[in-house]
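# Notes for the structure review
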Amino acid sequence: MTDQVIRIRQIVGWAALAVILAIGAAQSAATLKEARPALSSDTQTAEQLFADAPDGVDPVVTGPVSAAFKQRQDAAGCDSAVWPNIPTACYPD
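Residues numbered from 1 in each chain as written. Predicted model: local features only at pLDDT ≥ 70, side-chain atom pairs only at ≥ 80, totals over all residues. Heavy atoms only, no water.

### A word on the overall build of the protein chain
Per the secondary structure count, the protein chain includes three helices and zero strands. Listed N to C, the secondary structure of the protein chain is α-α-α in terms of helices and strands. When the 93 residues of the protein chain are sorted by exposure, 11% land in the buried category. Here the analysis covers contacts within the protein chain between residues at least 6 apart in sequence; of these, 50% occur between residues at least 24 apart. Approximately 7,700 Å² of the protein chain is accessible, and the part contributed by carbon and sulfur atoms is 59%. (Helix = DSSP H or I, 4+ residues; strand = E, 2+ residues; numbered from the N terminus. Buried < 20%, exposed > 50% of the residue type's maximum accessible area, 1.4 Å probe, protein only. Contact = heavy atoms within 4.5 Å. Areas by Shrake-Rupley, 256 points an atom, 1.4 Å probe, with all protein chains shown as cover.)

Here it is as structure tokens:
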């Protein structure tokens, strides 16, 4: 009789742990979904433009660029942008 009670307690304990873990995973997934801001459909993000680069694309241009492009980058805040929230103005045309 005692062995059966111990076995039932173990099963109930593991089931409770599984339920708690499932609830935690669902909460985490819901938080991640809500964290992404809604974007208008006509605006492409850097993540959409460079979908084949899952780790991101460095917006730093190593070649010569025009002064107008440098001003556009400064105005868009490209130095402090973090993937995937990099304005498309940071990339050359």
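More follows now that the structure is in view.
### Thoughts on a nonpolar patch on the surface
On the surface, a cluster of nonpolar side chains totalling about 370 Å² of accessible area is made up of W14, L17 and L21. Residue position: W14 is located in helix α1 (residues 2–35). You can call W14 exposed: its relative accessible area is 62%. (Patch = residues over 30% accessible without salt bridge, like charges linked within 9 Å, V, L, I, M, F, W, Y side chains within 5 Å. Salt bridge = Lys/Arg side-chain N within 4 Å of Asp/Glu carboxyl O.)

### Structural notes on the state of the cysteines
On inspection of all chains with the given rule, the structure shows one disulfide. The residue that forms a disulfide with C78 is C90, at a sulfur-sulfur distance of 1.9 Å. Taking the sign of the S-S torsion, -100 degrees for the link of C78 and C90, the bridge is left-handed. Of this pair, C78 sits in the segment after α3 (67–76) while C90 sits in the segment after α3, placing them 12 residues apart in sequence. Among the residues examined, C78 registers a relative accessible area of 10% and is labelled buried. Judged by relative accessible area, C90 falls into the buried class, the value being 0%. (Disulfide = S-S within 2.5 Å.)

### Some details on the confidence of the model for the protein chain
Per-residue pLDDT for the protein chain has a mean of 76; in total, 71% of the residues score no lower than 70. Within the protein chain, no element has a lower average pLDDT than helix α2 (residues 46–49), which sits at 71, and none a higher one than α3, at 87. (pLDDT = per-residue confidence, 0-100.)

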